Amino acid sequence: MNIYLLVAFILILGFIFGRILRKLKLTEILAYILSGIIIGRVLNFSPPEQFSVIISGTTLALIAYIVGLSFSFDFLKRMGKQMVIILIVQVLITVIATGGVVYLLTRDLPLSIILGSLAGATDPAGTIAVFRDLRAKGGLTDMTTALVGLDDAVVIVVYAVGIALTKMLLGAETGISFAFTDPLWEIFGGLGLGGAIGAGLSYFAKKVHLTSDNIFVISLAAAILCWGIAEMMGVSAMLTCMALGTAVINLNVQIGNRSNELLDNIMTPIFVLFFAAIGMEMDFSVFYVMWPLVIMYCVGRSIGKIAGCSLGGVLARSESKIKKYLGLAMLPQAGVAMGLAFLAAQALSGYELGGKIITIMTATTVVFGLLSPPLVQYAVKKAGEARR
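Please read all numbers here as calculations on a predicted model, not as lab measurements. (Residues numbered from 1 in each chain as written. Predicted model: local features only at pLDDT ≥ 70, side-chain atom pairs only at ≥ 80, totals over all residues. Heavy atoms only, no water.)

Trainee: Help me out: how do you make sense of the pattern of salt bridges in this one?
Mentor: Side-chain pairs of opposite charge can arise whenever the charged atoms involved come near each other. Scanning the entire structure with this criterion turns up three salt bridges. Across the pair Arg132 and Asp264 runs a salt bridge whose closest N-O atoms are separated by 2.8 Å. Here Arg132, found in helix α6 (residues 124-134), pairs with Asp264, found in helix α11 (residues 253-264); they are 132 residues apart in sequence, far enough to count as distant. Between Glu261 and Arg258 there is a salt bridge; the shortest N-O distance is 2.9 Å. Pair noted here: Glu261 and Arg258 are both in helix α11, with a separation of three residues, about one helical turn. The exposure class assigned to Glu261 is partly exposed, which follows from its relative accessible area of 46%. (Salt bridge = Lys/Arg side-chain N within 4 Å of Asp/Glu carboxyl O. Helix = DSSP H or I, 4+ residues; strand = E, 2+ residues; numbered from the N terminus. Buried < 20%, exposed > 50% of the residue type's maximum accessible area, 1.4 Å probe, protein only.)

Trainee: Would you take a moment to explain empty space enclosed by the protein for this structure?
Mentor: Left-over empty space is what a probe sized like a water molecule reveals as it rolls over the atoms. What the rule picks out here adds up to three cavities of 30 Å³ or more. The volume enclosed by the largest cavity comes to roughly 110 Å³. Looking at the lining of the largest cavity, the elements that each hand over two or more residues are α2 (28-42), α12 (267-281) and α17 (354-382). Take the lining of the largest cavity: its biggest share by element is five residues, from α17. Partitioning the lining of the largest cavity into residue classes produces eight nonpolar, five polar and one charged. (1 Å grid on protein atoms, 1.4 Å probe; cavity = no way out; pocket = protein on both sides within 12 Å on 5 of 7 lines; lining within 4 Å. Points joined across faces, edges and corners; volume = space filled by probe spheres on them. Nonpolar A, V, L, I, M, F, W, Y, C, P; charged D, E, K, R; others polar.)

Trainee: What is the right way to look at the layout of surface pockets in this model?
Mentor: Roughly 870 Å³ of internal volume is contained in the second largest pocket. Surrounding the second largest pocket, 32 residues form its lining, Ile66, Arg132, Ala136, Asn260 and Asp264 being those nearest its centre. Elements with a minimum of two residues in the lining of the second largest pocket: α2, α3 (51-69), α4 (73-106), α6, α7 (139-169), α11 and α12. For the lining of the second largest pocket, the element with the most residues is α6, which contributes five residues. Looking at the lining of the second largest pocket residue by residue, the class counts come to 15 nonpolar, eight polar and nine charged.

Trainee: Please clarify how the nonpolar core should be interpreted in this entry.
Mentor: Soluble globular proteins tend to bury their nonpolar side chains together. Counting residues in each nonpolar core, the largest one holds 120 residues, and the members touching the most others are Ile10, Ile114, Phe275, Leu326 and Ile357. Among the elements that make up this core, the one with the highest residue count is α3 (eleven residues). What Leu326 contacts, discounting residues up to four positions off in sequence, is Ile86, Leu140, Met143, Thr144, Leu147, Cys309 and Lys321. (Core = buried A, V, L, I, M, F, W, Y, C linked by side-chain atoms within 4.5 Å. Contact = heavy atoms within 4.5 Å.)

Trainee: Mind showing me how you'd approach helix α5 (residues 109-119) here?
Mentor: The periodicity of an α-helix, 3.6 residues per turn, causes residues three or four places apart in sequence to face the same way. For α5, a buried count of nine out of eleven residues is recorded, marking the element as mostly surrounded by other parts of the structure. Three or more residues of α5 are buried, namely Pro110, Leu111, Ser112, Ile114, Leu115, Gly116, Ser117, Leu118 and Ala119. For α5, the capping residue at the N-terminal end is Asp108, with a side-chain oxygen 3.2 Å from the backbone nitrogen of Leu111. (Polar contact = N/O pair within 3.5 Å; in protein donor to acceptor, adjacent residues only side chain to side chain.)

As far as function goes, none of this settles anything; it's purely spatial.
Okay, structure coming up:
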């Protein structure tokens, strides 16, 4: 399909369905996904080559940068110990719960370990988009924003341990020290790259007078530049763009705040295209291939996220609404989980696990893609933080 017609069609359908779902008091994110499903699965229109890659990369780069802009020293100090406790507890319990449920069904320990290690990842795009749609503000919103950004780093380390254990159980010769080399590079390389570019951008902005248009263009370019360089270097692109935003907001708060305001003005059409692209890629046939395992994975992950966030909130002595509703806000699954799933499939391709991992993660991402937006919306509204 012609790319211009495709983009126009997506935006128009997103607008129409968004208005309908708004009247039904549902988040417009579901409308954008539905638009993609209709275009891709009902009308069978195929997007041009690289369309989804470019849209997803650009959107995730901007989201990670915007999340990073919220990590001022004051914000991190306020979240502090509470954030760290909840972060670690919810990831570990999610890993254990998902892996345990999968093992009870399959009695396949290697598969249970690798799926458990992938389950902790939370997709920031789905959560942040719903927050923006509802104009959410408050303690739950702040905590969730911090966690969806930072849990990528923890999940990457958990995945490194999981893939090493899985390989050893399958009889491969591997060492824990070797298994940690790439994840450490991915995390600290990304943080260093984003921090360096952010520091350079902040210094440049102090020396040169920049108009709002200048700030907008440079911010957009810096986020996309970070994503591109990170992919070339083999480091975490999400963490790189987050580090970029964190460096900017702490080294030049005026530019950081103005950048956030300007980028927010273009996020609605970008979210429409991003979630429509996800909808176009949804393949419901994979659900039927191994539906019992897909359902059990979703149940285990949901229990892990909700119980983990609740327990973490209790241990951190968080306010009541965080204990009750944070888990629901942490349910979206997509980018990082799928990226690690592809890596796991490549690493385990010789053990007949690769295809099974991709199928399960694709099917469960479809399920969470459809169910998590209304659940995040429910959490925000019950917490009393929705402004719309």
